[in-house]
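So the chains spell out like this:
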Amino acid sequence: MSTHTTHSTPTTHVLIVGAGFAGGMAAVRLAGHSRGRVAVTVVNPRPTFVNRLRLHQLAAGQQVPAPSIRRMLGPDVTFVEGYVTSLDPDGGRATVHGPDGVRQLLFDRAVLATGSTTEPVPVPGGEHTHGVADLAAAERLRHAVASLPAGADVAVVGGGFTGLETVGELAATRPDVKTRLVTSGEVGGWFNPRAAAHVRTSLEGLGVESVGGARVRAVEPGLLLLDDGAEVPSDLTVWCGGFAAPPLARESGLAVDPDGAARTDAALQSVSHPQIMAVGDAGHTVAPHGGRYSMSCQLAFPSGAHAADVLSAEARGTADGGPAPLDLGFQGRCVSIGSHAAVLQLTDRDDVAGDRALTGRTAVALKKFQVRGVVAAIGIARRAPGAIRWPGSGRAPSPVQAPVAG
Ligand SMILES: Cc1cc2nc3c(=O)[nH]c(=O)nc-3n(C[C@H](O)[C@H](O)[C@H](O)COP(=O)(O)OP(=O)(O)OC[C@H]3O[C@@H](n4cnc5c(N)ncnc54)[C@H](O)[C@@H]3O)c2cc1C
């Protein structure tokens, strides 16, 4: 481990892998709060920010802004363009492949903020499907959608938030193709009954046919085979079954869950290598309800900010009693169905849908504000590091456990 000295101030070197919502927030808040005691370096494969909340819109052919990450992070954070291909947690060393070749970066503490991507499709023929969870997949889908002839069949598999938003956007953009939503559950089943009805009528209004209650068991040319024996025509299939973590955590020897996310304690430190923290979609932190926090911006921003607070307290020597646990409660989910319908479903702090939901123009406006405003949050935190706050879980946060493995 390397502890460096600048004048009389010891400097901890913190490496943040990934400049998405969580990594960006961690970087600017840490640089702002640590008053020169921490040198913050961020590595990201490209110099422009990917707003994943809009990838389904990009896939449908819309122009989506891609702001400069360097400008977003500001002068107090060192930005390195590249992909971290290996991380040695015990040696405090990362290998980065970038446009200028391969380089090594040393760190005292690292924050894994590598996000998530489309899960490996678990059925035969899955390699013929498209995804929307990362930029490369969304760009491939954009080309495929643009070259679809009129009258083609499109199927979106998965009735979660990403599937709903993707099928709505594709149907709105390409009314000349037949769009279907295939989901094993009830369409809109997560929402309260009134909001669920709004989701279904909004999809119907866009001409989306819903095929609920059956699982896809195979993808064949021009066809999906379902486990109830039905067949769904599909010239282009978009798999929105779920997200999985990129391989870095697993390949670095960190304790991971079956989806490859780094298992952390309540303070967001790896349970196997506490010198590594994991935030946003990259971390599997047990929430007060006993399950994993839902992958979302509601997790990404607070977890990034919390990691910054843990690291700056450590650097300033104010972390009496060990690192603080994250205390986070959820508030609501805003989902768009095309550009003219949306639902803001309020939730309890465990992310369970409640009685209250907003639809209509207000929900549409709020959703537009959300998908554009999330990018501004990192710039706001750079100028005012303490500006980002979040609700607590309403329960005593879980104590931070000792690591289980070395
Ligand atoms: C189409 C779509 C719509 C969505 N809509 C919503 C929504 O409405 N509301 C909501 O809350 N959530 C939504 N989500 C989920 C949300 O986008 C994610 O939960 C959020 O982006 C997670 O933030 P993050 O910072 O953890 O990861 P990301 O935003 O994925 O950022 C991770 C960054 O790490 C980089 N990276 C990965 N591996 C490496 C490596 N080895 N080296 C260097 N860099 C690396 C990636 O390139 C990326 O820049 C949506 C997701 C999708 C795909």
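Residues numbered from 1 in each chain as written. Predicted model: local features only at pLDDT ≥ 70, side-chain atom pairs only at ≥ 80, totals over all residues. Heavy atoms only, no water.

**Student:** Honestly, the site of the ligand in this entry has me stumped. Any pointers?
**Tutor:** What surrounds the ligand is a group of 35 residues, the closest being A22, N44, V84, C297 and K367. In this structure, an oxygen atom belonging to the ligand sits 2.9 Å away from a side-chain N or O atom of D281. Between C297 and the ligand, the recorded distance is 2.7 Å, taken from a backbone N or O atom to an oxygen atom. With the chains in place, 92% of the 1,000 Å² that the ligand exposes on its own is no longer accessible. Broken down by secondary-structure element, the contributors of at least two residues to the shell around the ligand are helix 1 (21-33), strand 3 (38-44), strand 5 (83-88), helix 5 (161-173), helix 8 (297-316) and helix 9 (360-383). (Near = heavy atom within 4 Å. Polar contact = N/O pair within 3.5 Å; in protein donor to acceptor, adjacent residues only side chain to side chain. Areas by Shrake-Rupley, 256 points an atom, 1.4 Å probe, with all protein chains shown as cover. Helix = DSSP H or I, 4+ residues; strand = E, 2+ residues; numbered from the N terminus.)

**Student:** I would appreciate a short explanation of the sheet that holds strand 16 (residues 236-239) in the present structure.
**Tutor:** Remark on secondary structure: sheet strands pair via backbone hydrogen bonds, oriented parallel or antiparallel. Strand order in this open sheet of four strands is 12-11-10-16, and the pairing throughout is parallel. In this open sheet, the two edge strands, each paired with only one partner strand, are strand 12 (209-212) and strand 16. When the angles between neighbouring strand axes are averaged without regard to direction, this sheet yields 20°. Note that strand 10 (residues 153-157) and strand 16 share four bridges and pair parallel. Considered in strand 16, the bridge of V156 is made with V238. (Pairing = 2+ DSSP bridges. Axes fitted to C-alpha atoms, helices over the stretch in contact; angles between N-to-C directions.)

**Student:** Explanation requested: helix 4 (residues 135-146) in the structure shown.
**Tutor:** Owing to its 3.6 residues per turn, the α-helix brings residues three or four apart onto one side. Over its 12 residues, helix 4 extends 16 Å from the first C-alpha to the last, a length consistent with the 16 Å expected when each residue adds 1.5 Å. Within helix 4 the residues assigned to the buried category are L135, A137, A138, L141, A144 and V145. Where helix 4 is buried, its residues meet helix 2 (55-59), helix 5 and strand 16. (Expected span 1.5 Å × (residues − 1). Buried < 20%, exposed > 50% of the residue type's maximum accessible area, 1.4 Å probe, protein only. Contact = heavy atoms within 4.5 Å.)

**Student:** Hey, could you run me through the pattern of salt bridges in this one?
**Tutor:** Pairing of side chains with opposite charge becomes possible as their charged atoms draw close. For the coordinates displayed, the defined rule picks out 11 salt bridges. A salt bridge links R333 to D351; the shortest N-O distance between them is 2.7 Å. Here D351 lies in the loop between strand 22 (342-347) and strand 23 (353-358) and R333 lies in strand 21 (residues 332-336), a separation of 18 residues in the sequence. Exposure remark for R333: the relative accessible area of 12% places this residue in the buried category. Connected via shared salt-bridge partners are D153, R180 and E209. (Salt bridge = Lys/Arg side-chain N within 4 Å of Asp/Glu carboxyl O.)

**Student:** Please clarify how the domain arrangement of the protein should be interpreted in this entry.
**Tutor:** In many analyses, interface size is given as the accessible surface area lost on bringing the parts together. Assigned domains of the protein: these are domain 1 (3-116 + 245-328 + 374-383) and domain 2 (120-239). Taken together, the contact pairs 13 residues of domain 1 with 14 residues of domain 2. For the pair domain 1 and domain 2, the two sides together bury roughly 1,100 Å², of which 61% comes from carbon and sulfur. The largest contributions to the domain 1 side of the interface with domain 2 come from H56, A59 and A60, which together make up 47% of the buried area. On the surface where domain 1 and domain 2 come into contact, there are zero salt bridges. Taken together, domain 1 and domain 2 are joined by five residue pairs in polar contact (both at pLDDT 80 or more). (Domains from an automatic or database assignment. Buried area = accessible area lost by both parts, 1.4 Å probe.)

**Student:** Please explain the pairing of strand 10 as it appears in this structure.
**Tutor:** A regular strand places its side chains so that they alternate between the two faces of the sheet. In terms of burial, strand 10 is largely enclosed, as five of its five residues are buried. Side chains of strand 10 alternate between two faces, with D153, A155 and V157 and V154 and V156 buried alike. Sheet topology note: the strand 10/strand 11 (residues 178-183) ladder contains five bridges and is parallel. Among the inter-strand pairings, D153 is bridged to a residue of strand 11, identified as K178. In this fold, strand 10 hands off to helix 5, which returns the chain to strand 11; that crossover is right-handed. (Right-handed = clockwise from strand over helix to strand, strands pointing away.)

**Student:** Looking at this structure, how should I read the sheet that holds strand 7 (residues 101-106)?
**Tutor:** With respect to topology, three strands assemble into an open sheet ordered 5-6-7, the strand pairing being antiparallel. Two strands bound the open sheet, and with one partner strand each, they are strand 5 and strand 7. Neighbouring strand axes in the sheet, compared pairwise and without regard to direction, differ in orientation by 20° on average. Where strand 6 (residues 93-98) lies against strand 7, six bridges are found, and the strand directions are antiparallel.

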